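Per-entry structural report
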Amino acid sequence: MQVSKQIKFQIFLYFFLFLFTSGYSQIEGAKDSLSIGGGVDSAQTIGSKVNEGATSQDILLRDTLQEPKQFVQNDKPAQLLPGISGTLLDSLNGEPLIGASVLIEGRNLGASTDLEGFFEIPNVSDGQYTLKISYLGYKSRSVNTIVKNGKSPKLSLSMPPDVNTLQEVQVVGVRRTNTEAAVIQEVKNSEQVVSAISSEQIAKSQDRDAAQVIQRIPGVTIIDNRFVMVRGLSERYNAVMLNGAFTPSTEVDARAFSFDIVPSGMIDRLLIYKSGAPELPGDFAGAAIKIVTKTVTNENFTTFGLSSSYRANTTFKEFKSNAVGKYEFIGFGDGSRDLPKNFPTTLVGSTASESVAAGKSLNNDYKINSFSALPDLRANFNMSRRFNVGGKRLGFILGVNYTNANMQLRPVQYRREGYVPEANMSAIRVENFDRAFVNNVRLGIINNYSFEINPNNKIYFKNVFNHIGMRETILREGNYYMEESTFKSYSFRYETRSIYSGQLQGSHDITPMTNLTWTLGSSNTLRKEPDTRRMRYIRNEANSPDFQAAIPRGATNTEASRFFSNLSESAKMASVDLEQNIRIVKGEENVKKHLKLRTGFYLENKQRDFSARWMSFAYGSKKFNNEISTQPIEEIFKAENIDSVTGLVLKEGTNPSDKYDAANKLAAGYIGVSLPLNNLNISTGVRVENNVQSINSANTSKEPINAKFPITSILPSANISYNLTDKWLIRAAYFKSVNRPEFRELAPFSYYDFNFLGGSDIIGNPNLKIATIDNADLRLEFYPSENESISIGGFYKKFKNPIERYVLVGSNPVFTFNNAISSESYGVELEMRKSLNFISQTSIIKNFSLLLNTSLINSKIKNDLSLDSSQVSQRLMQGQSPYIVNAGIYFNDSDKKVQFNLLYNVFGERLFAVGNSEIESIFELPRNILDATLTKGFGDHWEFRFGIQDILNQAVRFKQDSDQDLKLTSKDEYVNSFKRGSYFTFGVNYKL
């Protein structure tokens with residue numbers, strides 16, 4: 001098995017840590033400290049030590065997730081509500097007291113406070129009552145209240161800590177962060193415009209990875225089942241953070257993070273920040289996306305899951321593939337596709353005998369195997385352990401996921417001539433009918449550790465590792481209408497990707513008012529494409545009844561070709577964030593308000609090395625034996641046909657542009673302040689980023705390209721929120737941001753993509769400029785209850801030098817990247833999470849809830865025709881959809897352990913690639929997606945799931961703007977169309 005030393009070390013490290021911690025936990029057992037309130041889901045702890053002689057300030061409880069809130073100044077009643085209810089807070093800092101006991105004196109009635117300090121005792125008859133309130137480490141108190149006509153005032157209460165009765169007590173509260181209510185509360189309390197989804201909501205669907213999860217969030221669409229588009233902007237405008245550290249780009253040809261590498265079962269919550277802040281990265285305009293994986297819980301658990309899936313048009317159908325390596329079932333190649341160890345470093349200028357020897361040394365097995373596609377297989381194992389070591393709290397959570405999935409696609413593709421208005425059509429030049437067979441194997445590990453030195457000092461070690469192996473076989477038949485010929489083409493490709501991201505983090509409450517967080521991170525991306533093979537046979541309808549191999553005269557990347565590439569990228573980062581709270585309101589029993597000052601820095605050094613080689617079998621001489629070209633693909637490259645006189649020789653076309661190295665050094669610092677003024681909160685600051693991007697390569701003429709882009713960006717931001725009531729909130733925000741080119745977008749390397757439009761090239765542009773963006777947001781939010789939210793908002797963005805994908809004229813379509821002069825993007829968003837209990841309180845209706853979110857977006861690009869007369873002066877922005885709709889109906893009966901949901905998603909047509917006066921632009925059309933899932937639990941251990949994804953099975957479709965009016969009409973014509981097939985899944989989970 002050909003596995004890098006780095007990957008071997010990572011796997012060994014995970015295995016060692018797993019054996020150590022799981023073995024130790026079996027010996028010691030899980031010895032948790034006193035748990036108060038909250039729950040046993042993924043959580044972060046808040047705590048305090050109360051020491052003899054400590055001041056009240058010294059025992060401040062700090063909530064590490066929720067910003068300090070503004071609360072009422074005195075214990076005073078509010079509106080009348082059914083029963084007895086209220087809120088209980090720490091009198092010193094205004095933080096909610098979680099799990100406090102509230103009892104009615106003399107009666108067997110009471111409640112405990114939730115994660116917001118709220119309590120409610122329903123169904124209390126009229127009368128006067130005394131409430132007994134107690135909480136460990138606090139002075140107990142009694143409060144009188146009156147219930148009249150079934151209602152009483154809503155109480156706002158506070159409790160002072162009792163420093164005299166305890167010598168040393170550790171109080172640990174667990175704040176549940178993965179429930180729908182917790183995430184809604186986090187959104188409500190956020191200083192930025194943010195949307196979110198919790199693991200509780202994720203569990204209601206059968207979403208397998210973060211890519212499927214994130215499409216349930218307003219303004220979000222998914223490209224190619226793995227890339228995220230926010231607010232109609234392409235994936236390049238997103239910054240992605242995994243556990244607080246920026247993720248590497250997972251793609252060679254795009255600035256994007258592949259969200260399908262994060263399994264949904266290990267996501268605690270997922271947040272999309274749509275407005276900026278000094279502590280957020282400056283390189284985004286769509287969203288800063290934060291993925292938080294599950295950390296240690298207070299519960300020891302072990303779960304197993306197994307599922308199988310049936311895909312229409314694939315499962316149990318004939319499936320074809322070139323040779324399968326013996327380790328590919330776990331996603332690793334076995335080395336059979338690699339260049340031989342003694343293969344020449346270059347064949348350019350080699351002798352005939354050297355070319356022949358090199359050609360024979362390659363693996364020339366082109367046999368196409370047929371078998372029946374088995375149902376897809378997915379398996380997962382998750383466990384969590386928490387225990388004490390020398391009085392310190394230590395724990396870990398481990399998740400291992402395995403997927404082996406097949407898909408057969410049948411794209412129909414067209415390459416057309418120019419549009420003829422008189423005929424109202426474009427003549428077809430090339431027509432392709434493909435059968436694509438794709439096998440994907442993924443092995444993923446998430447392994448997080450926490451070490452609590454004391455309640456004020458915590459250390460985390462978080463790791464995500466994914467390895468993906470993809471095997472693709474494409475059989476193509478088609479017609480060249482202009483040449484009156486037909487053809488058959490073949491493409492065999494195997495690709496592996498290994499991605500590791502790890503962070504060592506520390507959180508320290510230096511004083512009750514000062515918090516310091518630091519992170520050291522490392523990430524590595526390895527991508528290998530060994531021996532991609534392409535071959536084509538042509539038959540001239542007029543002159544020959546037989547297909548003949550298209551043998552080139554020299555090296556080419558499209559005919560009888562072999563392609564090899566390797567990419568290695570590593571990044572090291574360090575960050576420090578300091579938050580200082582300053583009390584601005586004083587009083588004996590009053591709740592305090594705090595001004596917050598934040599400052600910090602972020603350092604990152606990223607390095608990438610990329611190299612590719614491509615070659616092809618070509619005519620050895622003019623004495624070539626033409627009978628060889630009539631042999632089938634399984635025989636044409638056998639050893640006796642590789643000969644410098646009458647047969648084939650291997651010729652290399654690799655040039656200096658097929659290799660580059662690149663670096664990016666980022667140094668950022670920020671300062672910010674958050675000022676609470678009664679119901680108004682103002683958060684503002686500035687971030688300064690100094691970024692030096694460089695790339696070293698050469699063009700095809702061997703002229704060196706040494707591009708360097710040093711730039712310092714000053715990025716101010718401001719977020720203002722105003723609480724109209726305790727349920728209504730209005731926000732306004734402004735921030736300035738940048739968008740930097742990705743390494744691949746700058747590199748002059750040209751990659752031939754066999755899949756799209758029958759074959760196209762992708763090439764970078766070293767002359768790209770950095771884009772700058774001004775962003776503004778306005779949003780109104782309503783929170784009817786802890787599980788419900790409704791918001792409507794608008795946004796506006798002004799771009800300078802936006803980076804877009806263009807399509808150029810050539811023998812094959814060529815996709816590249818360019819800057820427009822400027823652009824505008826603006827739109828409105830509506831989001832709603834609402835229970836249907838307002839319709840009826842019957843047991844069935846009240847278990848239903850509705851999720852609805854939609855976005856309407858518009859944009860305008862401006863071009864300078866004096867610089868490029870082939871463009872129009874105004875058009876839509878590339879990658880933007882005019883509308884996005886997500887809707888879901890959820891049913892959850894916790895007593896019967898039944899869940900059902902029906903989910904719908906659609907996006908409007910979007911500009912895939914920008915054309916010009918010589919070649920038409922390409923649009924991707926809307927596609928309605930409908931999913932349904934059913935989950936049923938049995939007893940305390942078993943859970944069964946059944947789901948259907950993509951019920952409608954609508955085609956993925958691309959059209960060219962034939963009449964070049966920059967909008968889709970009946971005159972526009974298809975260039976690509978295929979169906980993925982409805983997907984049926986049945987799975988079972990078992991929890992020990």
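In this text the structure is predicted, and so the values were computed from the model without any measurement. (Residues numbered from 1 in each chain as written. Predicted model: local features only at pLDDT ≥ 70, side-chain atom pairs only at ≥ 80, totals over all residues. Heavy atoms only, no water.)

What you see with strand β40 (residues 771-782) is a clean split: A771, I773, N775, D777, R779 and E781 sit on the buried side and T772, D774, A776, L778, L780 and F782 on the side with no burial. Across twelve bridges, the pairing between strand β37 (residues 728-739) and β40 is antiparallel. Bridge pairing in β40 links L729 to E781. In this sheet, strand β41 (residues 789-800) lies alongside β40 in antiparallel orientation, the contact comprising eleven bridges. Residue pairing for β41: L780 is matched across the bridge by I792. With antiparallel pairing between neighbouring strands as the criterion, β40 and β41 make up a hairpin whose turn holds six residues. (Buried < 20%, exposed > 50% of the residue type's maximum accessible area, 1.4 Å probe, protein only. Helix = DSSP H or I, 4+ residues; strand = E, 2+ residues; numbered from the N terminus. Pairing = 2+ DSSP bridges.)

Strand order across the open sheet formed by three strands is β7-β4-β11, with mixed pairing between neighbours. The outermost strands of the open sheet, each flanked by one partner alone, are β7 (118-121) and β11 (155-159). Shown here is a sheet whose adjacent strand axes are inclined to one another by a mean of 30°, direction ignored. By the bridge criterion, five bridges tie strand β4 (residues 84-90) to β11 in an arrangement that is parallel. (Axes fitted to C-alpha atoms, helices over the stretch in contact; angles between N-to-C directions.)

What follows is about the packing of aromatic side chains. The description of two aromatic rings rests on the distance between their centres and on the angle between their planes. With the rule as written, the count across this model stands at 30 aromatic pairs. Their ring planes at 25° and their centres at 5.2 Å tell us that F284 and F735 sit as a pair that is stacked. Of this pair, F284 sits in the loop between β18 (267-273) and β19 (287-293) while F735 is found in strand β37, placing the two residues 451 residues apart along the sequence. By the burial criterion, F284 is buried, and F735 matches it. Through successive ring pairs, a cluster of aromatic residues spans F563, F610, Y660, F749 and Y751. It is R416 that lies over the ring of Y414; its NZ or CZ is 5.0 Å from the centre. Over the face of the ring belonging to Y460 we find K462, whose NZ or CZ atom lies 5.3 Å from the ring centre. (Phe/Tyr/Trp six-rings, centres within 6.5 Å; stacked < 30°, edge-to-face > 60°. Lys NZ or Arg CZ within 6 Å of the ring centre and 35° of its normal.)

Attention now goes to the confidence of the model for the protein. Predicted coordinates in regions of low pLDDT should not be interpreted in detail. Scored by pLDDT, the protein has a mean of 82; 84% of the residues are at 70 or more. Note on residues 586-592: pLDDT is under 50 here. Beyond four places in sequence and across chains, it has 21 contacts. (pLDDT = per-residue confidence, 0-100. Contact = heavy atoms within 4.5 Å.)

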